[in-house]
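So the chains spell out like this:
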Amino acid sequence: STQSTWVCSRCHASKRTRSDPVLGELWVSAPETILCFEPFRSELPIKILTWNIERGLKLKSIISELKRLNPDIMLLQELDFGCERTNGTNVCEAIAKELDGDWSVVFTPEFEEIRGGRKPIEEGGQGEGGGWHGNAILVRGRRLLQTWTVRHKVKPFDWSLEGHRIYEPRNGARVSLAALVETGWQNLPLLCCYSAHLENISGPNGRLLQLSEILEDYASIKKVGHPFSHANSTYPPSIVIGGDMNTLFTGFARASPTHWDSTALQYFTIAESELWRRLLNSNTRNNTPIPLSNHQCGKDLINYLEQLNLWDPFPEPPFGVTCKKPQHYYSAKLDWLMVQRHHLKVDNFSKGGETVSDHSWLCVEVSPMQRSSSFSSFTLQTFKK
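Now for a description of the structure that goes with this document. Source: prediction; values computed, not measured. (Residues numbered from 1 in each chain as written. Predicted model: local features only at pLDDT ≥ 70, side-chain atom pairs only at ≥ 80, totals over all residues. Heavy atoms only, no water.)

Attention now moves to the nonpolar core. Formed by 35 residues in total, the largest nonpolar core has its most connected members in Tyr194, Leu215, Ile241, Leu310 and Met338. Elements that contribute at least two residues to this core include exactly β7 (144-151), β9 (175-182), β10 (190-197), α5 (204-219), β11 (238-244), α6 (272-280), α8 (301-308) and β15 (335-340). Apart from residues lying up to four places away in sequence, Tyr194 is in contact with Leu75, Trp148, Val150, Leu177, Ala178, Ile214, Asp217, Tyr218, Ile239, Val240, Ile241 and Gly242. (Core = buried A, V, L, I, M, F, W, Y, C linked by side-chain atoms within 4.5 Å. Buried < 20%, exposed > 50% of the residue type's maximum accessible area, 1.4 Å probe, protein only. Helix = DSSP H or I, 4+ residues; strand = E, 2+ residues; numbered from the N terminus. Contact = heavy atoms within 4.5 Å.)

Structure below.
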């Protein structure tokens, strides 16, 4: 791969001269060859992958798997940066250096992992902290035109105050990462990609509200001051959301008070992943009760889903299970890769990687729909209040 330098997008300081990331701050790496590219042109399908790589604990195997899959866009979660448990490695940078091709990379730390949560490595334990932990988007051969973060205002669990109680002392909160990516397609030149890791210490309500915040961010992209307000494109970008949504309210997980909220009881007989499927399906969406609360983004969730027509092409459990916890605590679909049905055609999809991480990777190969009247008339003005 071409040599590149890690740069803090806020202060433009080289990573080599600044050792401490700031939570929610963007760290960007792009080879000079990509920075100098003319607009990319290609009508070939794009392979998109999402994967929670479990901190990068099995980094060599993860890299081998990614080389085999050879994706064009990767939406990754749980990447360590300077943590004891991963030998101080910058996992995101290590992946980008080992893969073939020119990769543009953006990483944002969600949490500062505080040392002492688990037994140190030198005492025979797993180790835990001393570094940072976050999400990344990696793009091969195409330009990353804009990157930004969605700092979730909905915080069902205060990690800074309560993390030590579950033996994960850390500072920070959930942050979703977003990037405007050039596709090369004439009919659909831009994708708006989100890499998300929603709250696990929560009931279904908290995660739906955090999903709504991502959709709200996408809905606001034409507003003054948003990164998209300067994007010059005939067509609005199509949204792609990938990540570990932690839809784990199922099985014995329902018995844990850490996974309850005020609305959990009404979903006690339905798996949380099934609730999400019903909400994404236009035939069942309006007949599905949903905890809206008084939070504005929650009230808008149904409207966003109706307008965006998102879907996840992967089969339902048990075949769609992406994470299994020991002793049958739960076996569930936690990971999702959602695209717009009226923008993108899914040519192929696959799932795997269970021996490498505690989560499966999900991968889709997509191409643009043929331009139609409904496509050309679609506008983000729909979302403006």
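One turn of an α-helix holds 3.6 residues; hence residues three or four places apart share an orientation. Here α5 contains 16 residues, and its C-alpha end-to-end distance of 23 Å stays within 8% of the 22 Å for a straight helix at 1.5 Å per residue. Of all 16 residues in α5, 15 are buried, a share of seventy percent or more. (Expected span 1.5 Å × (residues − 1).)

Time to look at the side chain of Glu78. Summarising the element assignment, Glu78 is placed in strand β4 (residues 73-81). The charged side chain of Glu78 is buried without a salt bridge, its nearest counter-charge being Arg55 at 4.5 Å. Here Glu78 is in contact with Asn52, Ile53, Glu54, Arg55, Gly56, His133, Gly134, Asn135 and His197, once residues within four sequence places are set aside. (Lys, Arg positive; Asp, Glu negative; His and termini not counted. Salt bridge = Lys/Arg side-chain N within 4 Å of Asp/Glu carboxyl O.)

Here the focus is the packing of α5 against α8. For any two helices packed against each other, the geometry comes down to the angle between their axes and how far apart the axes lie. Interaxial distance between α5 and α8 falls to 10 Å at its minimum, and their mutual angle equals 55 degrees. Regarding the angle of α5 to α8, the classification is oblique. Of the two elements, α5 crosses α8, and the hand of that crossing is left-handed. For the pair formed by α5 and α8, the contact residues are Leu208, Leu211, Ser212, Leu215, Glu216, Tyr218 and Ala219 on the first element and Leu301, Tyr304, Leu305 and Leu308 on the second. Among the residues making up the contact of α5 with α8, the classes are represented as 9 nonpolar, 1 polar and 1 charged. (Axes fitted to C-alpha atoms, helices over the stretch in contact; angles between N-to-C directions. Parallel < 35°, antiparallel > 145°, perpendicular 65-115°, else oblique. Left-handed = near helix turned anticlockwise from the far one by under 90°. Nonpolar A, V, L, I, M, F, W, Y, C, P; charged D, E, K, R; others polar.)

For the rest of this paragraph, the subject is the sheet that holds β7. Strand order in the open sheet made by the 6 strands is β7-β9-β10-β11-β15-β12, with mixed pairing throughout. Of all strands in the sheet, those bounded by a partner on one side alone are β7 and β12 (310-311). Both β7 and β9 contribute to a ladder of 7 bridges, which runs antiparallel. The partner of Val150 across the bridge, within β9, is Ser176. Contacting β12 and β15, α6 runs over the sheet at an angle of about 0 degrees to β15. (Pairing = 2+ DSSP bridges.)

For a regular strand, the rule is simple: side chains alternate between the two faces of the sheet. With 7 of 8 residues buried, strand β17 (residues 361-368) is to be regarded as a mostly interior element. Bridging between strand β3 (residues 46-55) and β17 involves 5 bridges; their strand directions are antiparallel. Across the sheet, residue Ile48 finds its bridge partner in β17, namely Val364. Judged from the 8 bridges that link them, strand β16 (residues 344-352) and β17 form a sheet pairing that is antiparallel. Looking at β17, one finds that Ser350 is bridged to Cys363.

Moving on to the packing of aromatic side chains. Taken as a whole and judged by the stated rule, the model has 8 aromatic pairs. Taking the centre distance of 6.5 Å and the plane angle of 85 degrees together, the rings of Trp148 and Tyr194 count as edge-to-face. Note that Trp148 is positioned in strand β7 and Tyr194 in strand β10, a separation of 46 residues in sequence. On the accessibility criterion, Tyr194 (0% relative accessible area) is buried. (Phe/Tyr/Trp six-rings, centres within 6.5 Å; stacked < 30°, edge-to-face > 60°.)

Our focus in this paragraph is the pairing of β10. Among the 8 residues of β10, 8 are classified as buried, and the element is accordingly described as predominantly covered. Neither face of β10 is exposed, since Leu190, Cys192, Tyr194 and Ala196 on one face and Leu191, Cys193, Ser195 and His197 on the opposite face are all buried. Note: β9 against β10, 6 bridges, orientation antiparallel. Counterpart to Ala178 in the pairing with β10 is Tyr194. In this sheet, β11 lies alongside β10 in parallel orientation, the contact comprising 7 bridges. Looking at the pairing, Ala196 lines up with Gly243 of β11.

Once that is clear, we can look at helix α2 (residues 59-69). Restricting attention to buried positions, one finds in α2 the residues Leu59, Ile62, Ile63, Glu65, Leu66 and Leu69. Down the axis of α2, the buried side of the element spans an arc of 160 degrees, and every buried residue falls inside it. Residues Lys60 and Arg68 are exposed on α2 and point more than 90 degrees away from its buried face. Residues of α2 that are buried sit in contact with β3, β4, α3 (91-98) and β17. Phi turns positive one or two residues past the end of α2, at Asn70, with a value near 55 degrees. (Arc of directions from axis to C-beta.)

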